[in-house]
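# Tertiary structure, described
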Amino acid sequence: GEKGSSGRKGDSGKVGPQGPKGDTGLKGSKGKVGAKGANGQQTEALNWKQCVWKRVDSKDTGLIQECRFKKIYGNSALHVAYGGNLRVYCPGGICCSRWYFTFDNDECTGSMAIDGIVYKIRTNDNPARHRQIEGYCENISAGEVRVGFN
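What comes next concerns the included structure.

Cut-off values and rules
- Residues numbered from 1 in each chain as written.
- Predicted model: local features only at pLDDT ≥ 70, side-chain atom pairs only at ≥ 80, totals over all residues.
- Heavy atoms only, no water.
- Helix = DSSP H or I, 4+ residues; strand = E, 2+ residues; numbered from the N terminus.
- Buried < 20%, exposed > 50% of the residue type's maximum accessible area, 1.4 Å probe, protein only.
- Disulfide = S-S within 2.5 Å.

## Quick word on unusual backbone geometry
Trans peptide bonds make up the majority, and among non-glycine residues the majority have a negative phi. Phi at D104 takes a positive value of approximately 55°, unusual for a residue other than glycine. Among the structural elements, D104 can be located in the loop between β3 (94-103) and β4 (106-107). A relative accessible area of 33% places D104 in the partly exposed class.

Structural data, given as structure tokens:
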């Protein structure tokens, strides 16, 4: 007999399972150099210094240590910090001691003095405890600055 007409298209089947991972392909060629970017803005140079010391004497009054610092800009603040042991010793009495920073032999006048106080009342102990004193001083001109810890 004669060939019959084609039937209609069937419904889509279900999605099959994920196949195994294929092999890594070949490395591609190097891309073209991109366009030159816009010029960035000039930033101020950072100026940072750490001054450390280990005392071998028993000095505990007046200027304890001095560190020289080259300040680049006159319109910036100078950040100083002390971290270490401080103590007050006065057997059986009431004592108060103050430690502070100086800048070219003067205390900070740009904002406030940068200082720390330790107070002790009627004990015979001699506590050497870790203390942290830090702050920012403004109104210091550019150039060499003698930073003192008193």
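## Quick look at the state of the cysteines
The full count for this structure, using the stated rule, is one disulfide. With a sulfur-sulfur separation of 2.1 Å, C108 is cross-linked through a disulfide to C137. Handedness here is read from the sign of the S-S torsion; for C108 and C137, about 105°, the answer is right-handed. Linking C108 in the loop between β4 and β5 (115-121) with C137 in strand β6 (residues 128-137), this pair joins segments that are 29 residues apart in sequence. Judged on exposure class, the residue C108 and its partner C137 are both buried. Here C96 stays unpaired: no disulfide links it, and the sulfur of C95, its closest cysteine neighbor, is 8.8 Å away.

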